[in-house]
Amino acid sequence: SQLLIKDLHFDGVPVRIYLPKEAPAGKRRGVVFFHGGCGIFGSIKSHERICRYIARNSDSVVVSVGYHLSPEHQYPAQTLECLSATVHFLRSADTYGVDPSRVLVCGDSAGGTYATSVCQELVHRTDLPKIRAQLLIYPFLQALSFNLPSYQKNAAMAFLSRERLVHYILKYLGKDCSLKEPILAGSHVPESMTVKYRKWINPDLIPEVFKRGYKPPSPAAFSPRVHEEVKELFESSVSPLLAEDAVLCHLPDTCIVTCGHDLLRDDGLLYKKRLEDNNVRVTWHHVEKGFH
């Protein structure tokens, strides 16, 4: 009763927009929301409650993006549609009573990946208003290492186990799921890449309080065949944590939410550190007993 809800298309992408009915004092904040589901499940409908909640409790106009799912729509269709919908909203924000300088992007899990990717893609665009902030709810941010402390600690977690995560990623990219075991072991990463990204993806960068019981895994033998099969894993649209500092230093204010019982906890912690190292203002919320 407090919201006007419309189903629309932004540049051909299905969206659902939630507009507070109460007359505003001025232009409202805008929130572009990307749902989770590893790009292969989830929908506008599955995240209806959280989008209503955000719209009501923050007095914001929320745009929930219904990007098309893989494998029917092959990667990178999802990232491109999230970007297209965001650009459309930035250009038409006034139409919905939104201040174009107060638009933020938000997403959970893979939706956090898309929010991160959209922000990185837009940092050098001079023809659009700047994204004001990004809110990343336990985002997936890298496919270089599935052996960080949180991946080890939460490997058998019920909803999102370590094996299931890699299975979903391979399905999302349209790859053979028999590649799962060598990827879990790290055989997809050449030594040169391990060395290059060690400054960003490294258990040593995780605070000690989160490393209790952690045991470094034995190095895996590199497989050129596996690497060639899954090269997309190293693209910044899949692994935004691998983006260069020249991009990250221009990112907007960021809020990162991590959970204690979550494989992806360390993705969030590593991205937090990288952003802070690049002088980006970060707010961090950690839910110690939270699940993915």
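Residues numbered from 1 in each chain as written. Predicted model: local features only at pLDDT ≥ 70, side-chain atom pairs only at ≥ 80, totals over all residues. Heavy atoms only, no water.

Mapped onto the present numbering, the UniProt feature "domain: Alpha/beta hydrolase fold-3" (unreviewed entry) falls at residues 31–183 and 236–292. Its end C-alpha atoms 35 Å apart, residues 31–183 is made of 40% helix and 17% strand. Taken end to end, residues 236–292 is 30% helix and 33% strand, and its first and last C-alpha atoms sit 22 Å apart. (UniProt positions renumbered as here; feature names shortened; annotations may be inferred. Helix = DSSP H or I, 4+ residues; strand = E, 2+ residues; numbered from the N terminus.)

Of the consecutive residues Ser70 and Pro71, the connecting peptide bond is found in the cis state with omega at 5°. Here the residue pair Tyr75 and Pro76 is connected by a cis peptide bond, since its omega of 10° sits within 30 degrees of zero. Along the chain, the position of Pro76 falls in the loop between strand S4 (60–65) and helix H2 (77–92). Its identity is not glycine, yet Ser109 carries a phi of approximately 60°, on the positive side. Mapped onto the elements, Ser109 comes out in the loop between strand S5 (98–108) and helix H3 (110–122).

Turning our eyes to something else, we now look at the packing of aromatic side chains. Per the counting criterion, the structure on display carries nine aromatic pairs. Each ring, one from Phe10 and one from Tyr96, has its centre 5.9 Å from the other, and the planes form 45°; the classification is tilted. Of this pair, Phe10 sits in strand S1 (residues 3–10) while Tyr96 sits in the loop between H2 and S5; the two residues are 86 residues apart in sequence, bridging distant segments of the chain. Taking the relative accessible area as the measure of exposure, Tyr96 reaches 18% and is therefore buried. (Phe/Tyr/Trp six-rings, centres within 6.5 Å; stacked < 30°, edge-to-face > 60°. Buried < 20%, exposed > 50% of the residue type's maximum accessible area, 1.4 Å probe, protein only.)

Our focus in this paragraph is helix H10 (residues 265–277). Helix length check: H10, at 13 residues, gives a terminal C-alpha distance of 19 Å against a target of 18 Å (1.5 Å per residue), a fit within 8%. With respect to burial, H10 is a largely interior element, ten of its 13 residues being buried. Contact partners of the buried residues in H10: H3, strand S6 (133–137), helix H4 (149–153), helix H9 (245–248), strand S7 (253–261) and strand S8 (282–291). Looking one or two residues beyond H10, the residue adopting positive phi is Asn279, at roughly 65°. (Expected span 1.5 Å × (residues − 1). Contact = heavy atoms within 4.5 Å.)

On to the pairing of S7, then. The buried count for S7 comes to seven of nine residues, which makes it a mostly enclosed element. As paired strands, S7 and S8 are joined by seven bridges and run parallel to one another. Within the sheet, the bridge partner assigned to Thr254 lies in S8 and is Val282. As a crossover connection, the stretch from S7 through H10 into S8 is right-handed. (Pairing = 2+ DSSP bridges. Right-handed = clockwise from strand over helix to strand, strands pointing away.)

Attention shifts here to the packing of H2 against H3. In the contact formed by H2 and H3, the axes pass within 9 Å of each other and the chain directions differ by 60°. Taken as axis vectors, H2 and H3 run oblique relative to one another. In terms of crossing hand, the pair formed by H2 and H3 is right-handed. Together, Gln78, Thr79, Cys82, Leu83, Thr86, Val87 and Leu90 of H2 and Tyr114, Ser117, Val118, Glu121 and Leu122 of H3 make up the contact between the two elements. (Axes fitted to C-alpha atoms, helices over the stretch in contact; angles between N-to-C directions. Parallel < 35°, antiparallel > 145°, perpendicular 65-115°, else oblique. Left-handed = near helix turned anticlockwise from the far one by under 90°.)

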